[in-house]
Structure formats: C-alpha cells, structure tokens
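Chain and residue survey
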Amino acid sequence: QVRVVESGGGLVQAGGSLRLSCAASGRTFMGWFRQAPGKEREFVACITHTGAGTYYADSVKGRFTISRDNAKNTMYLQMNSLKPEDTAVYYCAVRNRVIAKIDYVRANDYDSWGQGTQVTVSS
C-alpha cells in the first residue's frame, strides 16, 4: 500500500489562501477529498499521473488548483478565495488501479488515503 502524507492545513480568514501538499511514492493518479463535520466525504479535485489532466468539483472550480511535482513525489492543492463552507478535513487519495477516465470522483475509486489535514476558514 502506498504511504500518503498530507500537510499544509490551518486557520485562515475568508478570502484568504492556503496550499496543501501530499507526499506519495510513485507516479499515480491522485485526488483530494474533504469531509466536514456531520457530512459525507466529498470529491474536490483529481490529477493524472503526468499532471496533464485535471478535474474539479463545481464548488471549487476557479478557486482551487491541483498540481503535482513528480520529481518531489508531491501533489498540491492551491486554495484561493476560501469560504467558510470550505472548512473540512482534507484528504489526499491515490488510485493504483487501471486509469480509463479523468473524473474519478467517488471515494471507492481510490486505494490509499492520508490521515487528513484540517482546514478552517473563519468568517
């Protein structure tokens, strides 16, 4: 199983920015999910193993940017114009299975998960 480690969460005011990082070995398809208290885990964004393809949830499109640096085995989520409703634990996920499309948006599409990092946006 791939070891996945997130970092970069914190407390920020509405309108501010944060960048999350995810370290994982290997060039695999990866994604970000988030889970707010009392809610189900929801898809945020994903990226192909080369970084050439990306896909976003409508709720973050235009505000968040997913990217990766394969030389550092690290994926990033740049979050701008943050809103209080973005408050959640953010999880990095890795898919090791065959890749046949870009929009893997279900949690069970992924095989390995990080421990999560808290993002809190104050109003």
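These remarks concern the structure in this document. Quantities reported herein were computed from a predicted structural model and do not represent experimental measurements. What you see as residue numbers is a count from 1 along each chain, following the sequence as written. Where totals are concerned, whole chains, interfaces and linings use all residues; where local detail is concerned, this predicted model gives features only for residues with pLDDT of at least 70, and gives and counts side-chain atom pairs only at 80 or more. Only hydrogens and water are set aside when side-chain values are computed; all heavy atoms of the structure are taken into account.

Attention now goes to the overall build of the protein. Starting at the N terminus, helices and strands are each numbered in turn, a helix being any DSSP run of H or I of at least four residues and a strand any DSSP run of E of at least two. A tally of regular secondary structure across the protein gives 0 helices and 11 strands. The linear arrangement of helices and strands in the protein, starting from the amino end, is β-β-β-β-β-β-β-β-β-β-β. The dimensions of the protein, computed from C-alpha atoms along their principal axes, are 40 × 30 × 25 Å. When contacts within the protein are restricted to residue pairs at least 6 apart in sequence, long-range pairs at least 24 apart make up 57% of them. About 6,300 Å² of surface is accessible on the protein, with carbon and sulfur atoms providing 47% of the total. By the convention used here, residues are in contact when the closest approach between their heavy atoms is within 4.5 Å. Using a 1.4 Å probe, accessible areas were evaluated by the Shrake-Rupley method; residue-level cover was limited to the displayed protein chains.

A disulfide bridge is the covalent bond that connects two cysteines by way of their sulfur atoms. Our working definition of a disulfide is a cysteine sulfur pair at a distance within 2.5 Å. This structure, assessed with the given rule, holds 1 disulfide. In this model, C22 is linked to C92 through a disulfide, with the two sulfur atoms separated by 1.9 Å. The S-S bond linking C22 to C92 shows a torsion near -75°; that makes this disulfide left-handed. Here C22, found in strand β3 (residues 18-24), pairs with C92, found in strand β9 (residues 88-95); they are 70 residues apart in sequence, far enough to count as distant. Relative accessibility thresholds used throughout: buried, under 20% of the residue-type maximum; exposed, over 50%; partly exposed, between the two (1.4 Å probe, protein chains only). Taking relative accessible area as the criterion, C22 reaches 0% and is therefore assigned buried. Accessibility expressed as a relative area gives 0% for C92, which makes it buried. The thiol of C46 is unpaired, and the distance to the nearest cysteine sulfur, on C92, comes to 12 Å. Accessibility expressed as a relative area gives 0% for C46, which makes it buried.

This part covers the pattern of salt bridges. We define a salt bridge as a side-chain nitrogen of Lys or Arg found within 4 Å of a carboxyl oxygen belonging to Asp or Glu. One pass over the full model with this rule turns up 6 salt bridges. The shortest N-O distance in the salt bridge between K61 and D58 comes to 3.1 Å. For D58, a relative accessible area of 65% puts it in the exposed group. Two residues, R106 and D109, come together in a salt bridge whose shortest N-O distance is 3.1 Å. Classification of D109 by relative accessible area gives buried; the value is 5%. Each of R34, E42, R63 and D86 takes part in a single network of salt bridges with overlapping partners.

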